[in-house]
Amino acid sequence: MPRIAKPSSIANAPAAALPMLQAVEKQLGVVPNLFRMVANSPAALESYLGMMGALAKGRLPAQTRERIALAIAEINGCNYCLSAHTYLGKTLARLDAAEMIANRHGCSTDPKAAAAVRFAARVAQSRGDVGQEDLAAVRLAGYDDGEIIESVQHVALNVWTNYINEVAQTEIDFPVVSARDAA
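A short tour of the structure in this document, coming up. (Residues numbered from 1 in each chain as written. Predicted model: local features only at pLDDT ≥ 70, side-chain atom pairs only at ≥ 80, totals over all residues. Heavy atoms only, no water.)

**Quick notes on helix α1 (residues 18-28)**
So, point 1. When α1 is considered as a whole, its buried residues turn out to be M20, L21 and V24. Seen along its axis, α1 keeps its buried residues to an arc of 95 degrees; they face one direction. α1 presents P19 and K26 as exposed residues on the side facing more than 90 degrees away from its buried surface.
So, point 2. On its buried face, α1 is in contact with α2 (33-38) and α3 (42-56). (Buried < 20%, exposed > 50% of the residue type's maximum accessible area, 1.4 Å probe, protein only. Helix = DSSP H or I, 4+ residues; strand = E, 2+ residues; numbered from the N terminus. Arc of directions from axis to C-beta. Contact = heavy atoms within 4.5 Å.)

Written out as structure tokens, the structure is:
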């Protein structure tokens, strides 16, 4: 049962959140429960949408962003985010099941993406205290400093969504995927 309520509809959200929720609905066709719950704080919703929008303009492709999201959700045991990013990985990023299982294990079937996912997982597991060898490995795979910074930012964004969903016990509104069930 959710521990932080979500508005029953976007019309019942705080007035300052309404235009943002309407924009999410226009973009996705629905307003997932995460967005509705976060709308309790229009400032938090604005921050979340702003970071997502800025990172979408970055240099990491959507597939890599979804791979990182899956790895971080698995590390943090967030079933809501695993469910959402498995759905988005399949439908938007066109990742196959084997790839998403690899991502959840901090890897990838694509050699370059594997370096990014391993690095992101290491950032999360070490709380940012990565070694020089971690940076060298991701650079050797072809990532530059800007892409490394974006990777760390994606880790931070996904840690926040994992944590807020775990605190709130957000009701999953995607096909359910559970942490630690990766083959």
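**Things to note about the side chain of S126**
So, point 1. Of note, S126 is situated in helix α7 (residues 111-126).
So, point 2. For S126, a relative accessible area of 12% translates into the label buried.
So, point 3. Within the structure, the side chain of S126 is placed 2.8 Å from the backbone oxygen of R122, a separation counted as a polar contact. (Polar contact = N/O pair within 3.5 Å; in protein donor to acceptor, adjacent residues only side chain to side chain.)

**Considering the packing of aromatic side chains**
So, point 1. A full pass over the atoms with the stated rule returns 4 aromatic pairs.
So, point 2. Among the aromatic residues, ring-to-ring pairing joins F35, Y48 and W160 into one connected group.
So, point 3. Here the basic side chain of K112 rests over the ring of Y143, its NZ or CZ set 4.8 Å away from the ring centre. (Phe/Tyr/Trp six-rings, centres within 6.5 Å; stacked < 30°, edge-to-face > 60°. Lys NZ or Arg CZ within 6 Å of the ring centre and 35° of its normal.)

**Regarding the side chain of R65**
So, point 1. Inspection of the secondary structure puts R65 in helix α4 (residues 62-76).
So, point 2. Nearest to the buried, unbridged R65 among oppositely charged side chains is E66, at 6.2 Å.
So, point 3. Discounting residues that sit within four places of it in the chain, R65 has contacts with L55, A56, L60 and H154. (Lys, Arg positive; Asp, Glu negative; His and termini not counted. Salt bridge = Lys/Arg side-chain N within 4 Å of Asp/Glu carboxyl O.)

**Thoughts on the pattern of salt bridges**
So, point 1. By the definition in use, this model includes 7 salt bridges.
So, point 2. Note that E99 and R67 form a salt bridge whose closest N and O atoms lie 2.6 Å from each other. Taken as a pair, E99 in helix α6 (residues 97-104) and R67 in helix α4 lie far apart in primary sequence, 32 residues in all. For the pair E99 and R67, one class covers both residues: buried.
So, point 3. Sharing partners across several salt bridges, the network here consists of R59, D144 and E147.

**Points about the environment of T64**
So, point 1. Turning to its location among the elements, T64 is positioned in helix α4.
So, point 2. What makes T64 buried here is its relative accessible area of 4%.
So, point 3. For the pair T64 and K90, spaced 26 residues apart in the sequence, the C-alpha separation amounts to 13 Å.
So, point 4. Discounting chain neighbours no more than four positions away, the residues touching T64 are A116 and Y143.

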